[in-house]
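Chain and residue survey
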Amino acid sequence: MCTTCGCGQGQVTVEGETGHGHAHHDHGHHHYHSHADGVSEARMVQIEQDILSKNDHLAWHNRDDLTRAGVLALNLVSSPGSGKTTLLARTAQDMGTDRSVAVIEGDQQTSLDADRIRQTGARAVQVNTGKGCHLDAAMVGRAMRTLQPAPSSLLFIENVGNLVCPAGFDLGENAKVVILSVTEGEDKPLKYPDMFHAARLMILNKSDLLPYVPFDVEKCVEYARRVNPEIEVLTLSALTGEGLQGWYDWIAARAAGMAPAEAAE
């Protein structure tokens with residue numbers, strides 16, 4: 001599992017970060033090699049539990065900061081090629097007219113996605129994970145300090161393309177949103193159950209391709225709800241705009257009532 005494989009934590013870079021003020025947030029996320037000789041299975045389980053516990057502690061601080069600011073944070077997860085950056089760019093452009101939008105972009109290399117988001121007018125910070133296969137709470141905390149999301153704004157976290165490891169890491173978000181394109185096959189919820197169990201919403205993207213691909217929407221929804229009976233489902237096309245209003249309404253419903261701590265007092 002990635003918590004014990006040595007994900008290259010030392011190679012993480014956060015765009016726009018200066019100095020060494022982040023060091024105190026990195027002490028809890030050490031990586032170990034699960035294939036190291038002489039390490040017992042029980043020891044590996046303990047190491048994994050320690051890593052996740054420390055990550056959860058940092059996630060709690062992220063969530064507390066976001067809640068105090070009245071910021072709705074959504075963690076977008078998917079395999080590569082699902083169209084989540086296209087969806088995010090469209091969302092930032094359309095919803096950014098009503099409220100401030102900030103984005104944390106996670107990729108192993110390049111700032112291509114952050115550059116693309118900034119073209120919509122939204123503020124974005126790129127986190128490059130190096131050899132790492134997911135974002136963690138420490139990385140997100142560092143990015144949040146660079147971004148400084150505005151009170152009552154929307155914060156989208158686009159995780160590294162991966163349907164496995166991001167499921168186990170709380171970032172301090174309000175909800176995980178798993179995006180599945182109709183070109184990937186309806187069996188993904190059964191193949192990657194942890195991710196679909198952790199998600200509050202499943203978006204079936206690229207609906208404009210449904211006439212051309214062998215994808216059974218009803219069966220996919222059935223599989224997802226077999227894993228997570230409470231998961232909500234939206235079908236849309238980020239390219240054509242079909243179904244996007246339902247996504248925007250879903251976001252607005254979760255942002256409703258959120259206010260900075262000072263305003264709520």
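Within each chain, residues carry numbers counting from 1 in the order of the written sequence. In keeping with the predicted nature of the model, local features appear solely for residues at pLDDT of at least 70, side-chain atom pairs appear and are counted solely at 80 or more, and the whole-chain, interface and lining totals rest on all residues. Heavy atoms from the whole structure form the basis of all side-chain values; hydrogens and water molecules are not counted.

Quick look at the pattern of salt bridges now. Note on definitions: salt bridges are taken to be side-chain nitrogens of Lys or Arg within 4 Å of carboxyl oxygens of Asp or Glu. Using the criterion set out here, one finds 12 salt bridges in the structure. Here glutamate 232 and arginine 254 are joined by a salt bridge, their closest N and O atoms 3.0 Å apart. Of this pair, glutamate 232 sits in strand β8 (residues 232-235) while arginine 254 sits in helix α8 (residues 244-255), placing them 22 residues apart in sequence. Judged by relative accessible area, glutamate 232 falls into the partly exposed class, the value being 28%. Only protein chains enter the accessibility calculation, which uses a 1.4 Å probe; a residue whose area is less than 20% of its type maximum is buried, one above 50% is exposed, and one in between is partly exposed. A relative accessible area of 24% places arginine 254 in the partly exposed class. Residues joined in a network through salt bridges with shared partners are Glu15, Asp115 and Arg118. The numbering of helices and of strands both runs from the N terminus, where a helix is a DSSP run of H or I of at least 4 residues and a strand a run of E of at least 2.

Summarising the element assignment, asparagine 228 is placed in the loop between α7 (217-227) and β8. Whenever a nitrogen or oxygen atom comes within 3.5 Å of another N or O atom, the pair is scored as a polar contact, on the condition that within protein one atom can donate a hydrogen and the other can accept it, and that pairs from neighbouring residues in sequence are kept only if both atoms are in side chains. One polar contact links the side chain of asparagine 228 to the main-chain carbonyl oxygen of histidine 197, over a distance of 3.4 Å. Residues count as neighbours in contact if any of their non-hydrogen atoms are within 4.5 Å of one another. Residue contacts for asparagine 228: discarding those within four places in its chain leaves Phe196, His197 and Ala199.

Let us look at the nonpolar core. Put simply, buried Ala, Val, Leu, Ile, Met, Phe, Trp, Tyr and Cys residues joined by side-chain atoms within 4.5 Å make one nonpolar core. Counting 30 residues, the largest nonpolar core has Leu74, Phe156, Trp247, Trp250 and Ile251 as the members making the most contacts within it. Among the elements of the structure, β2 (72-77), α2 (84-95), β3 (101-107), α3 (112-118), β5 (154-158), β6 (175-181), β7 (201-205) and α8 are those that each provide at least two residues to this core. Here this core takes 6 residues from α8, the largest share from any one element. Other than its neighbours up to four places away in sequence, tryptophan 247 contacts Leu74, Leu87, Thr91, Phe156, Val177, Leu201, Ile203, Leu234 and Leu236. Ranked by size, the runner-up nonpolar core spans 19 residues in total, among them Val71, Ala102, Val125 and Leu171.

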